Amino acid sequence: GAGVSQSPRYKVAKRGQDVALRCDPISGHVSLFWYQQALGQGPEFLTYFQNEAQLDKSGLPSDRFFAERPEGSVSTLKIQRTQQEDSAVYLCASSLGADLQFFGPGTRLTVL
Amino acid sequence: DQQVKQNSPSLSVQEGRISILNCDYTNSMFDYFLWYKKYPAEGPTFLISISSIKDKNEDGRFTVFLNKSAKHLSLHIVPSQPGDSAVYFCAVKGAFYNNNDMRFGAGTRLTVKP
């Protein structure tokens, strides 16, 4: 596709469930980013991949959060044992390199 | 630790008038500044940027001004149109090669009334 796509667009989970969020970046984009956007806030950096290598995961809030990009294209953000404070929009962005980031529409996660 | 602040959560202007959105940052090491626009249920889209070697960048109806000494940037939209109604995020970067170091403000919701 022409842009970054994310699935699912909406996810409702019960507290304690595991969730997996998918990101399909723009074809050929080397860099991939995950952000968390809480209600009324701006996006906050979670983690960054260059191809399949996770170069920065300093923004992941806890060890319940895990991200992977095994073949250097599609990425999955996994959250284990979800908590209510994990409720947010999770945004994925991709870029060619040290360049402009293009964002996907996000996945809205609601943890009950 | 809020390194990027957008102190106005909302702004309402009349169509045809100027919209001015403001952003303040705390770290003088930031040297690249961007504005993103976000419609509901969509991801942020890039609008305009400026590097620290400039104090103004213009693109059509959109102009970004940078005041490095005050650590302040602003986005001017002239004339404002109803289609400009969206949330605007200011974002800053530490160094061009450090692509992952981008920090966002909380956003300002702009409403342009017909």
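Computed from a prediction, not measured in an experiment: that's the story for all the values here.

Undergrad: Can you lay out the interface of chain B and chain A for me, pointing to particular residues and giving the numbers?
TA: Each partner contributes to the interface: chain B provides 18 residues, whereas chain A provides 23 residues. Both faces combined, the contact of chain B with chain A buries some 1500 Å², and carbon together with sulfur accounts for 58% of it. Scanning the region where chain B abuts chain A turns up 0 salt bridges. For the pair chain B and chain A, the interface holds 2 residue pairs in polar contact (both at pLDDT 80 or more).

Undergrad: Describe the pairing of strand 7 (residues 62–67) of chain B, listing the residues and the values that go with them.
TA: Consecutive residues of a regular strand have side chains that alternate between opposite faces of the sheet. Residues and elements named next belong to chain B. Where strand 6 (residues 56–59) lies against strand 7, 4 bridges are found, and the strand directions are antiparallel. In the sheet register, Glu58 faces strand 7, and the bridge partner there is Thr63. The antiparallel hairpin formed by strand 6 and strand 7 contains 2 residues in its connecting segment, where Gly60 sits at a positive phi of about 65 degrees. Hairpin connection from strand 7 to strand 8 (residues 72–77): 4 residues lie between these consecutive antiparallel strands, with Lys71 at a positive phi of about 55 degrees.

Undergrad: Explain the nonpolar core to me, and be specific about the residues and the numbers.
TA: Side chains that are nonpolar tend, in soluble globular proteins, to be buried together. Residues Phe33, Trp35, Leu73, Leu75 and Tyr88 of chain B are the most contacted members of the largest nonpolar core, which totals 23 residues. Looking at this core, the elements that each hand over two or more residues are strand 3 (19–25), strand 4 (32–38), strand 5 (45–51), strand 7, strand 8, strand 9 (86–93) and strand 11 (108–113) of chain B. Once residues within four sequence positions are removed from consideration, Leu73 of chain B is found in contact with Leu21, Asn22, Cys23, Tyr25, Phe33, Trp35, Val64, Phe65, Leu66 and Cys90 of chain B. Counting residues in hydrophobic clusters, the runner-up holds 20 residues, among them Leu32, Trp34, Ile79 and Cys92 of chain A.

Undergrad: Any details on the packing of aromatic side chains? Residues and values, ideally.
TA: Counted according to the given criterion, the structure contains 13 aromatic pairs over all chains. Seen in terms of ring centroids, Tyr35 of chain A and Phe103 of chain A are 5.4 Å apart; in terms of plane orientation they differ by 45 degrees. Their pairing is tilted. Taken as a pair, Tyr35 of chain A in strand 4 (residues 31–37) and Phe103 of chain A in strand 10 (residues 102–103) lie far apart in primary sequence, 68 residues in all. Side by side, Tyr35 of chain A and Phe103 of chain A carry an identical accessibility label, which is buried. When the centroid spacing of 6.4 Å and the interplanar angle of 85 degrees are considered together, the rings of Phe89 of chain B and Phe104 of chain B count as edge-to-face. Taken together, the residues span a long stretch of sequence, with Phe89 of chain B in strand 9 and Phe104 of chain B in strand 10 (residues 102–104) at a distance of 15 residues. Across the pair, Phe104 of chain B and Phe89 of chain B agree in class, each one buried. One aromatic cluster is present, built from ring pairs that chain together Phe33, Tyr35, Phe45, Tyr48 and Phe103 of chain A together with Tyr36, Phe46, Phe89 and Phe104 of chain B.

Here is what the cut-offs are and how they apply
- Residues numbered from 1 in each chain as written.
- Chains lettered and ligands numbered in written order.
- Predicted model: local features only at pLDDT ≥ 70, side-chain atom pairs only at ≥ 80, totals over all residues.
- Heavy atoms only, no water.
- Contact = heavy atoms within 4.5 Å.
- Buried area = accessible area lost by both parts, 1.4 Å probe.
- Salt bridge = Lys/Arg side-chain N within 4 Å of Asp/Glu carboxyl O.
- Polar contact = N/O pair within 3.5 Å; in protein donor to acceptor, adjacent residues only side chain to side chain.
- Pairing = 2+ DSSP bridges.
- Helix = DSSP H or I, 4+ residues; strand = E, 2+ residues; numbered from the N terminus.
- Core = buried A, V, L, I, M, F, W, Y, C linked by side-chain atoms within 4.5 Å.
- Buried < 20%, exposed > 50% of the residue type's maximum accessible area, 1.4 Å probe, protein only.
- Phe/Tyr/Trp six-rings, centres within 6.5 Å; stacked < 30°, edge-to-face > 60°.

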